[in-house]
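Structural characterization, general
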Amino acid sequence: EDQKAPSEMASQTYFDLVKASPKNKSGNGQRSASVAAFQKFYNAIQGDVSKLDEPDEDAKFCQVSGEPRRGALRGPRPKPPEEAKAKANGATKAEAKAEAKAEAKAAKLKKAEVKAEAKAEEEAKGRKAKAKENKEREKIKVNSEEAFQRKTVPLKRAFELLAEQNPEAPSVR
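Heads up: these notes are all about the structure in this document. (Residues numbered from 1 in each chain as written. Predicted model: local features only at pLDDT ≥ 70, side-chain atom pairs only at ≥ 80, totals over all residues. Heavy atoms only, no water.)

1. Digging into the environment of Glu 1
Condition: Working definition: helices are DSSP H or I runs of at least four residues, strands are E runs of at least two. Numbering for both runs from the N terminus. Note on contacts: a residue pair is in contact if any heavy atoms of the two residues lie within 4.5 Å.
Residue placement: Glu 1 occurs in the segment before helix H1 (6-9). Excluding anything up to four places from it in sequence, Glu 1 contacts Lys 23 and Arg 31.

Printed below as a string of structure tokens:
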């Protein structure tokens, strides 16, 4: 970008100039860091390119990960199902969308019907169980009324009846 010779780019004055530039500050110091790395490299070879080794044919210069990067080239996007159907049936895109919308609405209604039927079955089961429970309560109520009818007996006779039912209880005399 600055069109300088490699020997000038490896100088300390160029490094200081790049470090003070607004582009370096907006790039969080990346420009000055790259110039510093270039200075180390240039000083190591002392400006003599002939000191560089020939590259190995099998050497990896970079390695790309298996994940696709954002903005990387991709194949064409798959067409929505309604568009594919439209092409197969010879219909227009708008007709296919309308048909897909109608199918989605029908599926939603079917789902609501199934849900309503399940709810109705649950309510019917609940009503049957409640009716059965009420019948049992009525039976118990009738049996308990028959079993515990009030009778008037003398007090002495009451104690005798109690003693007969529970012989181990202390008698009151």
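2. A word on the side chain of Gln 39
Relative to the helices and strands, Gln 39 is located in helix H4 (residues 30-45). With residues up to four places along the chain from it excluded, the contact list for Gln 39 reads Met 9, Ala 10, Ser 11, Gln 12 and Phe 15.

3. Observations regarding the packing of aromatic side chains
Stated formally: Between rings of Phe, Tyr and Trp, where Trp is taken as its six-membered ring, a pair exists when centres lie within 6.5 Å; planes separated by under 30 degrees are stacked, by over 60 edge-to-face, and by other angles tilted. Throughout, exposure labels follow a simple rule: accessible area from a 1.4 Å probe, protein chains only, divided by the maximum for the residue type, with under 20% read as buried, over 50% as exposed, and the rest as partly exposed.
A complete count under the given rule lists two aromatic pairs for this structure. Their ring planes at 45° and their centres at 6.3 Å tell us that Phe 38 and Phe 41 sit as a pair that is tilted. On the criterion of helical spacing, the pair formed by Phe 38 and Phe 41 is a turn pair, its members being three residues apart in helix H4. According to the relative accessible area criterion, Phe 38 is partly exposed, its value standing at 24%.

4. So, the packing of helix H2 (residues 12-20) against H4
Describing two packed helices takes the angle between their axes plus the distance from one axis to the other. Just so we agree on the cut-off: Between the N-to-C directions of two axes lies an angle of 0 to 180 degrees, each axis being a line fitted to C-alpha atoms and, for a helix, fitted only over the stretch in contact. Our angle categories are set so that under 35 degrees counts as roughly parallel, over 145 as roughly antiparallel, 65 to 115 as roughly perpendicular, and the remainder as oblique. Two helices that cross are described as forming a left-handed crossing if the nearer one is turned anticlockwise from the farther one by less than a right angle, and a right-handed crossing if clockwise. Under this grouping Gly is polar, as are all residues other than the nonpolar Ala, Val, Leu, Ile, Met, Phe, Trp, Tyr, Cys and Pro and the charged Asp, Glu, Lys and Arg.
H4 packs onto H2 with a crossing angle of 165° between their chain directions and a minimal axis gap of 8 Å. In terms of orientation, H2 and H4 fall into the roughly antiparallel class. Here H2 runs over H4; the crossing is left-handed. Each of Gln 12, Tyr 14, Phe 15, Val 18 and Lys 19 in H2 lies in contact with H4, whose residues at this interface are Arg 31, Ser 32, Val 35, Ala 36 and Gln 39. Across the contact of H2 with H4, the residue classes break down as five nonpolar, three polar and two charged.

5. A closer look at the side chain of Ser 32
Looking at the element boundaries, Ser 32 is found in helix H4. Residue Ser 32 is classed as buried on the basis of its relative accessible area of 8%. If near-sequence neighbours (up to four positions away) are discounted, Ser 32 is found in contact with Phe 15, Val 18, Lys 19 and Asn 24.

6. Describing the pattern of salt bridges
Here is the rule: Any carboxyl oxygen of Asp or Glu within 4 Å of a side-chain nitrogen of Lys or Arg constitutes a salt bridge here.
Counting across every chain of the model gives two salt bridges. The closest approach of N and O atoms between Glu 160 and Arg 157, which form a salt bridge, is 3.5 Å. With Glu 160 and Arg 157 both in helix H7 (residues 155-165) and three residues apart, this pair spans about one turn of that helix. Between Arg 157 and Glu 164 there is a salt bridge whose closest N-O contact spans 3.9 Å. According to the relative accessible area criterion, Arg 157 is partly exposed, its value standing at 36%. With relative accessibility at 56%, the residue Glu 164 sits in the exposed group. When salt bridges that share partners are traced, they join Arg 157, Glu 160 and Glu 164 into one network.

7. Overview of unusual backbone geometry
In this model, Asn 28 sits at a positive phi of 55°, which is unusual for a non-glycine residue. Here Asn 28 shows up in the loop between helix H3 (22-26) and H4. For Asn 28, a relative accessible area of 73% translates into the label exposed.

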